[in-house]
Amino acid sequence: MATAERYVGGGVLRKEDPKLLTGEATFVESITPPGTLYVSLVRSPYASASLRSVDVAAAREAPGVVAAFSGGDLADEWASGLPMAWPVTEDMNHPDHWPLAQDYVSFAGDGVAVVVATSRAAAKDAAELVEVEYEERPSLTAIESALADGAPLVHEALGTNECYTWALANGDVDATFEGADVVTRQRYVHPRLVPNAMEPRAVVVQPVASAGDFTMWSTTQVPHVARVTLALTLGIPESQLRVIAPDVGGGFGSKLNVYAEEALCLALARRLGRPIKWVAERSEDYVATIHGRDLIQEIELAATTEGTILGYRVRLLANMGAYLQLVTPGVPLLGAFVYCGSYGGQAYSIECTGVFTNTTPTDAYRGAGRPEATYAIERAIDRLGREVGLDPIEIRRRNFLPAGENVPSPGGLVYDSTNYDGALQRALDILDHDAVRAEQASRRELGDARQIGVGFSSYMEMCGLAPSQVLASLNYGAGGWEAATVRLLPTGKVEVVTGSSPHGQGHVTSWSQITAAALGVPIEDVTVLHGDTAIAPLGMDTYGSRSLSVGGVALHLACGRVIDKAKRIAAHMLEVAPDDLEFEGGVFSVKGVPDRTKLIQETAFAAWTAHSLPDGDEPGLEASYVYDPPNFTFPFGTHICVVEVDTETGAVDIVRYIAVDDCGQVINPQIVDGQVHGGIAQGIAAALFEEALYDETGTLQTSSMINYLVPSAAELPSFELDRTVTPSTTNPMGVKGIGEAGTIAAAPAVINAVVDALWHLGVRDVGMPASPERVWRAIQEAKPGGSG
Amino acid sequence: MRDIGVIVNGVRHEARVEPRTLLVYFLREHLGLTGTNIGCDTSSCGTCTVLMDGESVKACTVLAVQADDRELTTIEGLPVTGWHPMQQAFHEHHGLQCGFCTPGMILAAVSYVKENPDASEDDIRLALEGNLCRCTGYHNIVKAVAAAAAVMKAGAARSSATA
C-alpha cells in the first residue's frame, strides 16, 4: 500500500472545507455565552491630545448599561502594560502602553473609555454619551518629520521620537564602496498598508468567577503567546487563563498580536463576573488593528563595470506608529539580513532607525520586513543593470549565489538550498521572453499609447521562524520551536495535537497527510486538534511561514517516535526482536516472513489494554516532539509580470503574471498554490492599489473599505504558476515555508514592469501604489521640459 | 418595535424587532443562523450576502423589517441537506482558505450563475467585484464558479429534458 505516495504531494482535498462551506464554522463573533455583556470603546478622534477629563456618568445611566470606565478607572487592573516582546537594542525607547489611555492619547483611535451593556446597540448608543475633554497637541504622522528639530513629541516623557537605531555590518563596507567602479543609489518609500483580514477582530471572555478562571476566545494567530502575555498584563496566574482560537478568518500578521481589547475584556470579566464580548466594526479595525510596512529605504549597490555586485549599504527609517505592539520594533530586522536577496558580494551593512509618530502602531504584516527588503534589492538590481548595460535577466544571472546547499550570504546567513537560475529559467520558459520583447519593441516603434513592460523579481526570503538561539541573539523574547503530539486511540484512530493553529492555511489537511503517510493509516482516521491552550498547552503559534517547516516537522518526528514504540509492541506480540520487523503502509511484518504481521492499529489496542507490553514500555501509544529548527528556511523563485500601461491615462493592466516558486518538498500542491495566489494578490495590491493615508491632523483618511482599495476579482488577473523543488537542508522533511513568498515577490515584479514599460519615455521610477495618477504624473514629469 | 414574518430556508419565522435592526443581525442573533458572517460596516465586502426572493443582497444593507414576507436563503439552506454544485466546486477547486467570505461569495455566485449560465471567467470576475476575499487572490474562486456554472447548466438541461 503506497500510502505515503498517495498522501504526501498528492491531490488531497481540504478536510476543513465542509464546515466552512455550509456555515457551520465557529468564528469568534458566533460565540455568545449566556449572560454576555457587550463592550463598546470610545476612541480618540485626535492624533495627539492631553486628556483633561473623561466623564462616563451619563453613559452609566443609559438604558442597558451595566458599567462604564475611563482609562483612569481601570488603571489598577494592570500589573503591567500591553506586551512588547522584541526590545531590539538595550537602549530602545519603549513608551507606556495601557489598554486604555490614561493621561494622553497618541493616535486617532487610541481608546479612552469603555462602555459595557446588555446589547451591542445599547453599548454603542451609550458610548456616544461619554464626555471627553481633550486638549489637542501638535502631531505628526510622516517618518521624515519625526526626527526633525522641533518636531512635536509623540511621547513627551521619552524626550525624542527615536525608538532605536540598530546596525549590522559584514566585511569592509567603506573600502568596498570606495573601490567600486559603479555605485547605484536608490531611495524607495514603502507605503503603509492595512492588512484587512476578512474577519474583523473579536474577543469573548467567559469567567468562572468562583474559581478565578477565564476562558478567552480570540481572533488570534497566537493563542499561546496571548495566554502568557495577558496573564502578565492582568496579573493572573497563567494556569487560570485558557485561550482558544476557534475558526479564525484570516490573519496575515494582523492577528499575530496581543491587543488592548483582549486585556480589556479580561479585566471587565474579572471586575463584573460576566461574559464580555467585543467585536470590531471594520472601520474600527482600520484604526485599532496594526498596520504594516511604512518605511523609507536607501539602498546602495557597489559593483564592477561588468555588473558584479561587491557590496550593499542600506539605511532604513521605519515608522513604529504611536506605540510598540508585540513585535513592532523587530519587523525591519526580519528583512535586515536579506537586502542582498539572491545575490553575492563581499560587504554588507544596514542601519535601521525606528521612529514614533501619531499613527496606528505598525507590526508584522504578511512578509514582515522581507517584502520591503525584496522590493529594494529587486528594484535596485534592475537599475544597476540599466547603468552597466545588462538586461534584468543577465544582471541577475551574473550575481546569483551558486546553486547548492548551505550557501553563505553577504548578509551573514547560510541559505539552506539554492537554485536561483533554475527557477528563473523555468519562468522564462513559460513567458516566451523573445515574443514579449518583440511586441514591446513593436509598440515602442509605433508610439502606441499602450506600452508593454516586463518586470522580474528573483526573490529569496528567510522564514520558518526560527532557531531559538538565533532569536536570542536578536534579543527576541521567546523561542522559535514548535510542539506536536500524536496519539493512537484504542480503536486505531489518530489524534494529532499541534501548537500551530491555522487561519486559512489548511493545517488540518496537511497535518493529516503527514500523519497518514508516516503511520500508514487512512487520512480520514486522523483528527487534528489545535488552537486551544487546554488541548495544546505547548505551542509557539502561527507566523513567519513557520507552521510546516517547524510544526509540521515536529509532527513528522513525533510520528517517528510513535512508530518506534509501536514497533517494540508489535515485536513483542510477534515474539521477535524489533530489528526483525519492517514497517510499511501501517503494517509491521517480520523480515523474510511477510505473512507474520501486525497492524499499527493492533499495537494501539495492545498498548491500551496493556495486558502484555514489552519490558520498560508504558501503556498507551502516544508521543510528542518539540522541534527547534537549526536554521531558517529560504524559499525562492522568480516572478515575472507583464503589464500594459496606458500612457495617456496612466492605467496599468497586468497582462500576465508568472510565478515559479521553490518551497522545497511539497505536501499539498493545491494548498501551496493557494498560498502563492493569495500572496501574489497582496503583493500586487501593494504595488498598484493600497495605501493608508493620514491627513495633516493625523486622521486616517483611508479608514474603511470604501476609500482603501482592497482589490476584488475584477482588479486581479489569473496567475500562471509552476515550481522547482530544491529540498531544504534545514529539516528532515526538506520543506520550506510558502505563506509569505507570493507577497514578498510580487510588488517589485509589478513595479519593475511599469518602469520597464515607460523607461524609453524617460521614466526612471514610479512609487507605490502605481495608481493611474501617479503613473501619469511620472510620464508628464519625464517629458522634456516636464517638471521632473 | 415591529412585528415581521420572514421565510428563511423554507421556514417562516415570526419576530418582533427594533426597526433599526439590520437583516444580518436578525439572521445571526434572532435566528441563530451564524453562517452569514459580517466583514465590514460599509456594504463594501459582500461577506454577508444572502438571497432574498432568489436575488443576492448584502444583509448589512437591508433592514430586517424590509425582509417582512420575503423568502430568504442563507448558506445553511443552500440546500438544507447535501451540497449545492457551487459548494462542491469551491471544495474541489480550493476556492476558500479561511472561509470567512465563503458563504457570501457562494451565494453571490449562485445568484449570478443562475442568470448568466454562460459567463466567461472575465465576466465572473466583474460580477463578483462586490465580494472581497483576502486569502485566495480569487484565482481559484473564479475557477470554481466557472466549473459550478457548467455543472448547474448541465443539471438545468437534464431537468428540462425530463420535465
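Residues numbered from 1 in each chain as written. Chains lettered and ligands numbered in written order. Predicted model: local features only at pLDDT ≥ 70, side-chain atom pairs only at ≥ 80, totals over all residues.

Thoughts on helix 3 (residues 102–115) of chain B
Test applied: Think of it this way: any DSSP run of H or I at least four residues long counts as a helix, any run of E at least two long counts as a strand, and we number them from the N terminus. Helix span, expected: 1.5 Å multiplied by one less than the number of residues in the helix. With C-beta atoms placed from the backbone, the exposure class of a residue follows from how many other C-beta atoms lie within 10 Å of its own: 20 or more, buried; 12 or fewer, exposed; in between, partly exposed. Each residue is represented by a C-beta atom placed from its backbone, and any two residues with such atoms within 7 Å are regarded as in contact.
Between its first and last C-alpha, helix 3 of chain B extends 20 Å over 14 residues, near the 20 Å set by a 1.5 Å rise per residue. Among all positions of helix 3 of chain B, only Thr102, Pro103, Gly104, Met105, Ile106, Leu107, Ala108, Ala109, Val110, Ser111, Tyr112 and Val113 of chain B are buried. Elements that come into contact with the buried residues of helix 3 of chain B comprise helix 2 (17–22) of chain A together with strand 3 (49–52), strand 4 (55–58), helix 2 (85–92), helix 4 (121–127) and helix 5 (139–162) of chain B.

A few points about the environment of Thr32 of chain A
Residue and element names in this part refer to chain A. Its location among the elements puts Thr32 in the loop between helix 2 and strand 1 (37–43). Its 16 C-beta neighbours within 10 Å are what place Thr32 among the partly exposed residues. Spatially, the C-alpha atom of Thr32 lies 43 Å from that of Glu162, the residues being 130 residues apart in sequence.

Some words on the interface of chain A and chain B
Which entries qualify depends on this criterion: Note on residue categories: nonpolar means Ala, Val, Leu, Ile, Met, Phe, Trp, Tyr, Cys or Pro, charged means Asp, Glu, Lys or Arg, and polar means any other residue, Gly included.
Taken together, the contact pairs 41 residues of chain A with 42 residues of chain B. Elements with a minimum of two residues in the side of chain A that touches chain B: helix 2, helix 9 (282–288) and helix 19 (669–688) of chain A. Residue composition of the side of chain A that touches chain B, by class: 18 nonpolar, 16 polar and seven charged.

Looking at the nonpolar core
General note: in soluble globular proteins, nonpolar side chains tend to be found buried as a group. Applied cut-off: In this usage, the nonpolar core is the set of buried Ala, Val, Leu, Ile, Met, Phe, Trp, Tyr and Cys residues whose C-beta atoms join them within 7 Å.
Ranked by size, the top nonpolar core spans 318 residues in total, and within it Val39, Ala68, Ala113, Val115, Val750 and Val754 of chain A carry the most contacts. Residue contributions to this core peak at 14 residues, all from helix 17 (residues 547–574) of chain A.

Quick word on the sheet that holds strand 25 (residues 621–627) of chain A
Residues and elements named next belong to chain A. Operational definition: Strands pair, by our definition, only if DSSP identifies at least two bridges between them. In this analysis an axis means a line fitted to C-alpha atoms, helices contributing only their contacting stretch, and an angle means the value between N-to-C directions, from 0 to 180 degrees.
Spatial ordering of the open sheet is given by 21-20-19-25, a layout of four strands whose pairing is mixed. The open sheet has two edge strands, strand 21 (526–529) and strand 25, and neither has a second partner. Averaged over neighbouring strand pairs, the angle between their axes works out to 15° when direction is ignored. Pairing analysis gives four bridges linking strand 20 (residues 494–498) to strand 21, with the strands arranged parallel. In the strand pairing of strand 21, Val494 is matched with Val526. The strands touched by helix 17 are strand 19 (482–488), strand 20 and strand 25; relative to strand 25, the strand with the most contacts, the crossing angle is about 145°.

Quick look at the environment of Val470 of chain A
With respect to the element layout, Val470 of chain A can be found in helix 15 (residues 468–473). C-alpha separation for the pair Val470 of chain A and Glu439 of chain A, spaced 31 residues apart in sequence, amounts to 49 Å.

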